[in-house]
Amino acid sequence: MSVERKIFAAVLILGALVVIGLWLQPHIEDELAPTLERALVAVQVEGSEVAELGTLKILSGSPFTLHAVVEARRRSGELIYYSDAPALRIAGTVVAAESLRSWDRRRPPKIRWFTVEPGKPFLRVSGLGEVDALSAQEVYRPEWPSTWSIPGRLDLAADANRDWIHGLDQDTFGTQRYQVRIEVFDDDEALLPSQRLKSAGAEVWTDQEALPTVTAALPGVLASVSEIFGLPQIEGIDTTEEFREQVDSWMSERLAFDRLGVLGETLRAAGVTSESIEWRTLDLSSQPSWGDQVQVGDLIQVLDRLVILYKDRGVEGVLDPDDLCFDFARGASVSPLGQVFGGTEEWSWMPLAPRG
């Protein structure tokens, strides 16, 4: 074979190897890439440089960010984390900077956000044997951005009880739990993903550490009771000691509540004992004033209906039927006093909020 033919053959072989190499490169990269193991959700509160897993308590109105996280394992066994979070804390330990990276694979995954909400927002039972209210459902939120990091929100997709009115911002307080699902595709034309990852969801509703949770509380006397918005309500007909202990436990863990528990937390927050409860008559025709007489956190009761004063929304400075209250008739809701009590002019009133 002549020198020219040898050179030409060598060029052909080299070209073929380059083409084969380019064709094989993505497959080799996929084979050598860390194995994707699970999806997680981390929460970063404004002012913090670290996103973390678990339950976070914040003050009402504090912005927070939800970060999708994919845990992957290298061939060496080392764990790495794909996320856009600036830093990540898992089980109390901050992940090393070199083990945290943005997604760097050939094709971006599809990211879908969910909230994990009560399966039954309200349940009336005769005893603990009937309680299945702690079941939960995973609700897809298509209106949320399909991105690695999104602004956090507390609104419930499946809450028929929350009737927000008069422009009241529904993303202010309460408890919400989150899930992310991540789908990875082999090519742009694939109809089905080659791998689906789903973070913890309804199956771990009662696990405070496994399910990412944000609880936002109003300031002052309403701090405790404002946290139960978004939780299922359980009302027992036969309130045995066992039932009371169980519901109190669920309430302290922000998993469920009942009206008696709401009253108990409200009284404790105000430093009032059940023995010192003293109801007074409140006549609306006398135009009770906000601040000088009634205040946020006071209790109003007519027959067996009890509410907690929340906001002056009617005639400014005067208690009237357009003012707002926390109501717990069938799930926690914000309602006008007139909608709860109708045209009743005499109400039972208990001042709880501290007076100046």
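Within each chain, residues carry numbers counting from 1 in the order of the written sequence. Thresholds applied to this predicted model are a pLDDT of at least 70 for local features of residues and 80 or more for the giving and counting of side-chain atom pairs; totals over whole chains, interfaces and linings are not thresholded and use all residues. To obtain the side-chain values, all non-hydrogen atoms of the structure were included, while hydrogens and water were left out.

Each reported salt bridge corresponds to a side-chain nitrogen of Lys or Arg within 4 Å of a carboxyl oxygen of Asp or Glu. Evaluated as defined, the whole model comprises 20 salt bridges. A salt bridge links Arg 196 to Glu 183; the shortest N-O distance between them is 3.2 Å. Of this pair, Arg 196 sits in strand β14 (residues 195-198) while Glu 183 is found in strand β13 (residues 174-184), placing the two residues 13 residues apart along the sequence. Overall, Arg 196 belongs to the exposed group, its relative accessible area being 57%. With a shortest N-O distance of 2.9 Å, Arg 244 and Asp 248 are connected by a salt bridge. Taken together, the residues span about one helical turn, with Arg 244 and Asp 248 both in helix α3 (residues 241-252) at a distance of four residues. A network of salt bridges, in which partner residues are shared, links Glu 117, Arg 141, Glu 143, Arg 153 and Asp 155. Secondary structure elements are taken from DSSP: a helix is a run of H or I of four residues or more, a strand is a run of E of two residues or more, and numbering for both begins at the N terminus. A simple rule labels every residue: compare its accessible area, found with a 1.4 Å probe on the protein chains alone, to the largest value its type can have, and call it buried under 20%, exposed over 50%, or partly exposed in between.

Moving on: helix α4 (residues 259-270). Its twelve residues place the ends of α4 17 Å apart at the C-alpha level, agreeing with the 16 Å of an ideal helix rising 1.5 Å per residue. Listing the buried residues of α4 in full gives Gly 261, Val 262, Gly 264, Glu 265, Thr 266 and Leu 267. Any two residues having at least one pair of non-hydrogen atoms within 4.5 Å are treated as being in contact. Each element contacted by the buried residues of α4 is listed here: α2 (223-226), α3, β18 (299-302), β19 (305-311) and β22 (346-350). Following α4 by one or two positions, Gly 271 has its phi on the positive side, about 75°. Expected helix span is taken as 1.5 Å per residue step, with the number of steps being one fewer than the number of residues.

Right, let's get into the sheet that holds strand β21 (residues 333-336). Two strands make a pair as long as DSSP finds a minimum of two bridges between them. If you walk across this open sheet you meet the six strands as β17-β22-β18-β19-β20-β21, and the pairing is antiparallel. The sheet is open, and its two borders are formed by β17 (280-283) and β21, each paired with just one other strand. Adjacent strand axes in the sheet meet at a mean angle of 40° when their direction is disregarded. The pairing of strand β20 (residues 324-327) with β21 spans four bridges and is antiparallel. Each bridged residue has a counterpart across the sheet, and for Asp 327 the counterpart in β21 is Ser 333. Whenever a helix is involved, its axis is fitted only over the stretch in contact; in every case the axis is a line through C-alpha atoms, and angles between N-to-C directions fall within 0 to 180 degrees.

Here we come to the packing of aromatic side chains. Think of it this way: a Phe, Tyr or Trp ring, Trp meaning its six-membered ring, pairs with another when their centres are within 6.5 Å, and the plane angle makes it stacked under 30 degrees, edge-to-face over 60, tilted otherwise. By the definition in use, this model includes 13 aromatic pairs. Between Tyr 310 and Phe 326, the aromatic rings sit 4.7 Å apart at their centres with planes inclined by 35°, giving tilted as the arrangement. You can see Tyr 310 sitting in strand β19 and its partner Phe 326 sitting in strand β20, a full 16 residues away along the chain. The exposure class of Tyr 310 is buried, given its relative accessible area of 7%.

What follows concerns unusual backbone geometry. A positive phi angle is found at Gln 287, which is not glycine, with a value near 50°. Tracing the backbone shows Gln 287 in the loop between β17 and β18. Residues other than glycine seldom take positive phi values, yet Leu 303 does so here, at roughly 55°. With respect to the element layout, Leu 303 can be found in the loop between β18 and β19.

To continue, consider the environment of Gly 220. By secondary structure assignment, the location of Gly 220 is in the loop between β15 (213-217) and α2. Owing to a relative accessible area of 59%, Gly 220 belongs among the exposed residues under this scheme. Each C-alpha atom, one on Gly 220 and one on Gly 297, is 8.8 Å from the other, the two residues being 77 residues apart in sequence.

What follows concerns the pairing of β20. Across the two faces of β20 the burial is the same, with Leu 324 and Phe 326 and Cys 325 and Asp 327 all buried. When β19 meets β20, the two strands line up antiparallel, connected through four bridges. For Lys 311, the partnering residue across the bridge sits in β20 and is Leu 324. Taking the residues that link successive antiparallel strands as the turn, the β20-β21 hairpin has five residues, and the phi of Gly 331 there is positive, at about 95°.

Looking now at the nonpolar core. Within the largest apolar cluster, 27 residues are counted, with the highest numbers of intra-cluster contacts made by Leu 66, Trp 113 and Ile 182. For this core, the secondary-structure elements that each account for two or more residues are β1 (35-45), β3 (55-59), β4 (64-73), β5 (79-82), β9 (110-118), β13 and β15. Considering each element in turn, this core owes the most residues, five residues, to β4. Residues Phe 173, Met 251, Leu 324 and Phe 328 belong to the second largest nonpolar core, which totals 22 residues. By nonpolar core is meant a set of buried Ala, Val, Leu, Ile, Met, Phe, Trp, Tyr and Cys residues that side-chain atoms within 4.5 Å join together.

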